[in-house]
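# Results of the structural survey
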Amino acid sequence: MSVSLLDLQHRTDEIVPQKPPVDPATLRHKQFLERPDWRRIPAYADVDEGQFLDHHWQSKRTITRPEKLLEALQGLVSDDFISDATKGFAIAPMSVRVTPYLLSLIDWSQPYADPLRIQFIPLASRFLPDHPKLGLDSLGERADAPVPGLTHRYADKALFLPLDTCPVYCRFCTRSYAVGVDTEEVEKTHFKVDEARWRRAFQYIASRPELEDVVVSGGDAYNLRAEQLLSIGETLLAMGNIRRIRLATKGPAVMPQKILTDDAWFDAVTRIVELGRKLHKEVALHTHFNHPNEITGITRDAMHKLLEHGITVRNQSVLIRGVNDDPETMRLLVKRLGHVNVHPYYVYVHDLVKGAEDLRTTVQAALDIEKQVRGSTAGFNTPTFVVDAPGGGGKRDAHSFEHYDRGTGISVYQAPSVKPGQQYLYFDPIDRLPAEGRSRWADPREHAVMIDEALRASR
Ligand SMILES: *Cc1c(COP(=O)(O)O)cnc(C)c1O
Ligand code: SF4
């Protein structure tokens, strides 16, 4: 005899509760902002909902000059904040680029603490000196590039950078060597949309039978025109060796409107996914949310549309000090991503990036947070915490160090499937070390000694 679900519900009085009752109001991952209140920002006071929800308007009004940004913030923040940010922009290695949507998500009554402000607007007062072991392109992407803009580090996968622009520029960008326009601080290697360069990259990919997986990153796939995206997708899917493609874009986190209103672009993504499906190849979207506040009702609608079209979306976050480096926030982010059908894939320990030392935290912080996150939701929605080994070792599980000295902040990793026999070092930010570690780093003669100690201890 079968029991209907309804019968079971009627008999809840017979259930002996093992757990205390849960007040639905405490399930915060389901309670996100439906619409940001953009009209609070004087520059957008007259903007109606139709405009705000249109990706054309968002793109057209995207701010790309510090003066323009600071102008838009007049009256919202204190003069001290404006002058702090003005000085911050002057010393920052990344150019500024922010969407109105993103600005409308920032709590301007608390601009110093706001998790989105921290990611996009540098403040001189928060700057910390770079770690002495930091170099531009700390991941060695250029060293593993057989063709400019194509990194072939792992055996079966490659990273293709078709262009060098993004819908926004993040302060912590690992590719600050290439992405964005030149700033006063950095002269960059440019990856312009260049069909001849793309052809060389495709020829290389087709010539390597072991390559099965291509990450199309950037820059950002959001900034490719529909026909460019389609041509990249069709070319790669036509290669017999290619089994998987990922289109990487920050877009859903900073301008979800595009998925809902840019029909040509959305159509290109859908066609690539469907072509892949016909050929029994996987095409997925990889995106980049870092804080639960980045998920709104507009995001949910965009993610629903992707799900309805059968498009898998995975997320890669960066562990950022003051943004998501506590277990509560990370758990909320992970659960909220799952709620809108995005799979949390990775959380990266922050790379050694120029001008972003105040954003980094320690490997220990990653281990502590991981412990609190695992078990809070489905295993397939639980991100792996990784260190992208400086110098080109690739991503390693943060727990898998050969040695970790919490005093000097040096961890040692190996990558036997990527570069056998090599050792890779990651360095925690110095201001987070105990006093003894800080004073050793203050003495340049100690640097080689500390590194030597770590390498010896790991053997
Ligand atoms: C991250 C990355 C990939 C993809 O790695 P997964 O671990 O499969 O996500 C490929 N190539 C390079 C150079 C990368 O940095
Ligand atoms: S969107 Fe990605 S590639 Fe572009 S600036 Fe941000 S982190 Fe860098």
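### Observations regarding the packing of aromatic side chains
In total, this model carries 14 aromatic pairs according to the counting rule given. Aromatic side chains tyrosine 44 and tryptophan 57 sit 5.6 Å apart centroid to centroid with 75° between the ring planes, which places their arrangement in the edge-to-face category. Of the two residues, tyrosine 44 is situated in the loop between helix H1 (5-10) and helix H2 (49-52) and tryptophan 57 in helix H3 (residues 55-60); the sequence distance between them amounts to 13 residues. Comparing tyrosine 44 with tryptophan 57, the two get one shared label, buried. A network of ring pairs unites the aromatic residues Trp38, Tyr44, Phe52, Trp57 and Tyr101 as a single cluster. Directly above the ring of tyrosine 154 sits lysine 157, whose terminal nitrogen or CZ lies 4.2 Å from the centroid. Above the ring of phenylalanine 266, the side-chain terminus of lysine 305 is found at 4.2 Å from the ring centroid.

### Brief notes about the packing of helix H9 (residues 226-237) against helix H12 (residues 263-278)
Interaxial distance between H9 and H12 falls to 8 Å at its minimum, and their mutual angle equals 10°. As summarised for this structure, H9 and H12 are arranged roughly parallel, according to the angle between their axes. Along the contact surface, H9 presents Ala226, Leu229, Leu230, Gly233, Glu234 and Leu237, while H12 presents Ala264, Trp265, Ala268, Val269, Arg271, Ile272, Leu275 and Gly276. The residue makeup of the contact of H9 with H12, split by class, is 10 nonpolar, two polar and two charged.

### What to know about the packing of helix H14 (residues 327-339) against helix H15 (residues 363-373)
Closest axis-to-axis distance for the H14/H15 pair is 9 Å, and the angle between their directions is 50°. Considering their axes alone, H14 and H15 lie oblique with respect to each other. Between H14 and H15 lies a crossing whose hand is right-handed. The residues of H15 that touch H14, namely those facing Pro327, Met330, Arg331 and Val334, are Ile369, Gln372 and Val373.

### Quick notes on the domain arrangement of the protein chain
Parsing the protein chain into structural domains produces domain 1 (38-126) and domain 2 (142-398). Each of domain 1 and domain 2 has a C-alpha centre, and the two are 24 Å apart. The contact between domain 1 and domain 2 buries some 2800 Å² in all, and 63% of this surface belongs to carbon and sulfur atoms. If you sort the residues of domain 1 by the area they bury against domain 2, Pro93, Met94 and Gln119 come out on top, with a joint share of 26%. For the pair domain 1 and domain 2, the interface holds zero salt bridges. Scanning the region where domain 1 abuts domain 2 turns up 13 residue pairs in polar contact (both at pLDDT 80 or more). Breaking the side of domain 1 that touches domain 2 down by element, the ones donating at least two residues are H3, helix H5 (79-91), helix H6 (100-105) and helix H7 (115-120). Here the element with the most residues in the side of domain 1 that touches domain 2 is H7; it accounts for five residues. Looking at the side of domain 1 that touches domain 2, its residues break down into 19 nonpolar, seven polar and three charged.

### Topic: the environment of cysteine 173
Structurally, cysteine 173 can be placed in the loop between strand S2 (157-160) and helix H8 (195-207). With relative accessibility at 16%, the residue cysteine 173 sits in the buried group. Taking the C-alpha atoms as reference, cysteine 173 lies 9.7 Å from valine 318; in sequence the two are 145 residues apart.

### Section: the pairing of strand S3 (residues 213-216)
Residues of S3 alternate between two faces, with Asp213 and Val215 on one and Val214 and Val216 on the opposite face, all of them buried. Pairing analysis gives four bridges linking S3 to strand S4 (residues 244-248), with the strands arranged parallel. Across the sheet, the residue bridging to aspartate 213 is arginine 244, located in S4. Each parallel crossover has a hand, and for S3 linked through H9 to S4 it is right-handed.

### Points about the sheet that holds strand S11 (residues 410-414)
Read across the sheet, three strands follow the order S10-S11-S12 without closing on themselves; strand pairing throughout is antiparallel. The sheet terminates laterally at strand S10 (403-405) and strand S12 (423-427), the two strands that pair on one side only. Strand after strand, the sheet turns through a mean of 20° between neighbouring axes, direction not considered. Sheet topology note: the S11/S12 ladder contains five bridges and is antiparallel. Bridge pairing in S12 links isoleucine 410 to phenylalanine 427. Along the sheet face, helix H17 (residues 444-457) touches S10, S11 and S12 and points at about 45° away from the line of S11.

Here is what the cut-offs are and how they apply
Residues numbered from 1 in each chain as written. Chains lettered and ligands numbered in written order. Predicted model: local features only at pLDDT ≥ 70, side-chain atom pairs only at ≥ 80, totals over all residues. Heavy atoms only, no water. Phe/Tyr/Trp six-rings, centres within 6.5 Å; stacked < 30°, edge-to-face > 60°. Helix = DSSP H or I, 4+ residues; strand = E, 2+ residues; numbered from the N terminus. Buried < 20%, exposed > 50% of the residue type's maximum accessible area, 1.4 Å probe, protein only. Lys NZ or Arg CZ within 6 Å of the ring centre and 35° of its normal. Axes fitted to C-alpha atoms, helices over the stretch in contact; angles between N-to-C directions. Parallel < 35°, antiparallel > 145°, perpendicular 65-115°, else oblique. Contact = heavy atoms within 4.5 Å. Nonpolar A, V, L, I, M, F, W, Y, C, P; charged D, E, K, R; others polar. Left-handed = near helix turned anticlockwise from the far one by under 90°. Domains from an automatic or database assignment. Buried area = accessible area lost by both parts, 1.4 Å probe. Salt bridge = Lys/Arg side-chain N within 4 Å of Asp/Glu carboxyl O. Polar contact = N/O pair within 3.5 Å; in protein donor to acceptor, adjacent residues only side chain to side chain. Pairing = 2+ DSSP bridges. Right-handed = clockwise from strand over helix to strand, strands pointing away.

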